[in-house]
Protein chains: 2
Amino acid sequence: MEIEKIIKRDVSYIQKIIDIGDVAMLVSRSDYGVLKSRPMETVGINNDGDIYFFTILSSELMRELTGNSQVNLSFTKEDHDYISVSGVTQVIKKKTDLVRFWNSRYEQWIPDGLDNPSIILLKVSLVSAEHWRHNTGLNRIRQFFSIGSSETNNVHESIES
Amino acid sequence: MEIEKIIKRDVSYIQKIIDIGDVAMLVSRSDYGVLKSRPMETVGINNDGDIYFFTILSSELMRELTGNSQVNLSFTKEDHDYISVSGVTQVIKKKTDLVRFWNSRYEQWIPDGLDNPSIILLKVSLVSAEHWRHNTGLNRIRQFFSIGSSETNNVHESIES
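Small disclaimer: the values here were computed from a predicted structure and weren't measured. Positions within a chain are numbered from 1, following the residues in the order the chain's sequence is written. The order in which chains are written sets their letters, starting at A; the order in which ligands are written sets their numbers, starting at 1. Side-chain atom pairs in this predicted model are given and counted only at pLDDT of 80 or more, local residue features only at pLDDT of at least 70, and totals for whole chains, interfaces and linings cover all residues. To obtain the side-chain values, all non-hydrogen atoms of the structure were included, while hydrogens and water were left out.

Focus on the overall build of chain A
Here is step 1 of the chain: Think of it this way: any DSSP run of H or I at least four residues long counts as a helix, any run of E at least two long counts as a strand, and we number them from the N terminus. Scanning chain A from N- to C-terminus turns up three helices and ten strands.
Here is step 2 of the chain: Reading the helices (α) and strands (β) of chain A from amino to carboxyl end gives β-α-β-β-β-β-α-β-β-α-β-β-β.
Here is step 3 of the chain: Counting across all 161 residues of chain A, residues that qualify as buried make up 61%.
Here is step 4 of the chain: Here a residue-residue contact requires only that any non-hydrogen atoms of the pair lie within 4.5 Å. Of the contacts made within chain A by residues no fewer than 6 positions apart, 60% connect residues no fewer than 24 positions apart.
Here is step 5 of the chain: As displayed, chain A has an accessible area near 6900 Å², and 47% of this comes from carbon and sulfur atoms. Partly exposed describes any residue whose relative accessible area lies between the buried limit of under 20% and the exposed limit of over 50%, with all areas from a 1.4 Å probe on protein chains only and scaled to the type maximum. Only the protein chains shown count as covering a residue, and every accessible area follows the Shrake-Rupley method with a 1.4 Å probe.

Following this line, the structure appears as structure tokens:
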């Protein structure tokens with residue numbers, strides 16, 4: 001048996017597999033330790049694998065992040081393509097940054113858009129990431145990307161006999 | 001403006017929207033506070049909203065759960081249908097339970113299947129859950145299910161003007 005797992009150290013890989021418009025389930029941890037997720041649309045991503053979202057300061061998410069800035073982003077793309085990004089959040093309020101990432105379509109999430117006094121950019125700085133993809137030939141999900149983690153054992157790694 | 005959010009107390013609702021075979025991104029928390037997710041296939045769900053998965057005791061997931069049994073399950077279904085389940089895990093080793101949920105297809109995750117001495121069922125007992133669904137008429141994502149949580153403010157709630 002051979003465990004197929006390719007470790008890459010190239011953080012720009014994340015930029016290749018996540019697109020603006022992709023929806024992440026963003027997981028935060030409440031003061032009571034409860035893990036909750038909610039859909040968030042990706043509005044930007046850079047070479048370092050940092051991912052940006054718009055939200056408002058009064059959201060439940062921002063209350064939870066006050067106590068704990070560590071989050072997970074889960075992306076489920078078409079046909080069994082799964083990405084986990086572990087990261088740390090940072091709040092960006094600078095108007096020029098907000099304008100740079102803004103698209104009028106986001107008013108569905110943010111009432112009054114850029115005029116909303118509570119609007120912020122949430123930057124998730126990459127700590128570690130993993131990517132699993134469906135292998136149509138073998139009908140197995142294969143983990144083929146992992147970065148920033150020393151942990152290697154996962155039941156969903158592809159195991160070839 | 002009217003915030004559309006329907007609170008239901010019927011836990012069996014979860015059984016109606018999650019199917020056996022649906023893949024969850026299961027989020028756990030490491031000792032260092034890092035939140036990680038991995039794809040896990042749903043192998044069972046009951047009337048109480050408890051959801052079952054197969055895994056092995058030596059998995060990274062099980063190591064993380066030793067220190068903290070609280071997890072989140074994120075389901076991303078077709079066409080912008082998102083479910084967050086917060087729960088607490090429990091390990092089930094009883095052979096009759098394993099046999100009841102088993103399908104030979106799961107050998108892709110569990111080498112040697114039911115003969116693997118390390119195989120277990122992971123039961124996630126529902127603590128709270130939320131469901132967002134795409135509203136095609138308004139092109140908005142609308143949260144229309146929430147259970148077990150007193151928190152109500154979320155940027156991704158539907159806001160009608």
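Let's talk about the pattern of salt bridges
Here is step 1 of the chain: We define a salt bridge as a side-chain nitrogen of Lys or Arg found within 4 Å of a carboxyl oxygen belonging to Asp or Glu. All chains considered together, the criterion is met by 17 salt bridges over all chains.
Here is step 2 of the chain: Between Glu60 of chain A and Lys36 of chain A there is a salt bridge; the shortest N-O distance is 2.7 Å. Of this pair, Glu60 of chain A sits in helix H2 (residues 60-67) while Lys36 of chain A sits in strand E3 (residues 35-41), and the two are 24 residues apart along the sequence. Comparing Glu60 of chain A with Lys36 of chain A shows no difference in burial state: the two are buried.
Here is step 3 of the chain: Salt-bridge contacts for Lys123 of chain B lead to Asp50 of chain B; the nearest nitrogen and oxygen are separated by 3.8 Å. Separated by 73 residues along the polypeptide, Lys123 of chain B in strand E8 (residues 119-135) and Asp50 of chain B in the loop between strand E4 (44-45) and strand E5 (51-56) bring together distant segments of the chain. Per residue, the accessibility class of Lys123 of chain B equals that of Asp50 of chain B, and both read buried.
Here is step 4 of the chain: When salt bridges with common partners are traced through the structure, they connect Glu130 of chain A together with Lys36, Arg38, Glu60 and Glu64 of chain B into a single cluster.

A closer look at the confidence of the model for chain A
Residue and element names in this part refer to chain A.
Here is step 1 of the chain: Scored from 0 to 100, pLDDT reflects the predictor's confidence in each residue. Averaged over all residues, the pLDDT of chain A is 82; the fraction at 70 or higher stands at 79%.
Here is step 2 of the chain: In the model of chain A, strand E10 (residues 158-160) stands out as the element of lowest mean pLDDT, 32, in contrast to helix H3 (residues 95-101), which has the highest, 97.
Here is step 3 of the chain: Per-residue pLDDT stays below 50 along residues 150-161; that stretch engages in 51 contacts with residues further than four places along the chain or on separate chains.
Here is step 4 of the chain: Confidence metrics for the complex model read pTM 0.84 and ipTM 0.83.

Topic: the packing of aromatic side chains
Think of a pair of aromatic rings as described by two things: how far the centres are apart, and how the planes are tilted against each other in angle.
Residue and element names in this part refer to chain B.
Here is step 1 of the chain: Stacked, edge-to-face and tilted labels apply to pairs of Phe, Tyr and Trp rings (six-membered ring for Trp) whose centres lie within 6.5 Å, assigned for plane angles under 30 degrees, over 60, and everything in between, in that order. Counted according to the given criterion, the structure contains eight aromatic pairs over all chains.
Here is step 2 of the chain: Consider the rings of Phe54 and Trp102, whose centres lie 5.0 Å apart with planes at 80°: the pair is edge-to-face. One end of the pair, Phe54, is in strand E5; the other, Trp102, is in the loop between helix H3 (95-101) and E8, with 48 residues separating them in the sequence. Each of the two residues, Phe54 as well as Trp102, counts as buried.
Here is step 3 of the chain: Centre to centre, the rings of Trp102 and Tyr106 are 5.6 Å apart; their planes meet at 85°, and the pair counts as edge-to-face.

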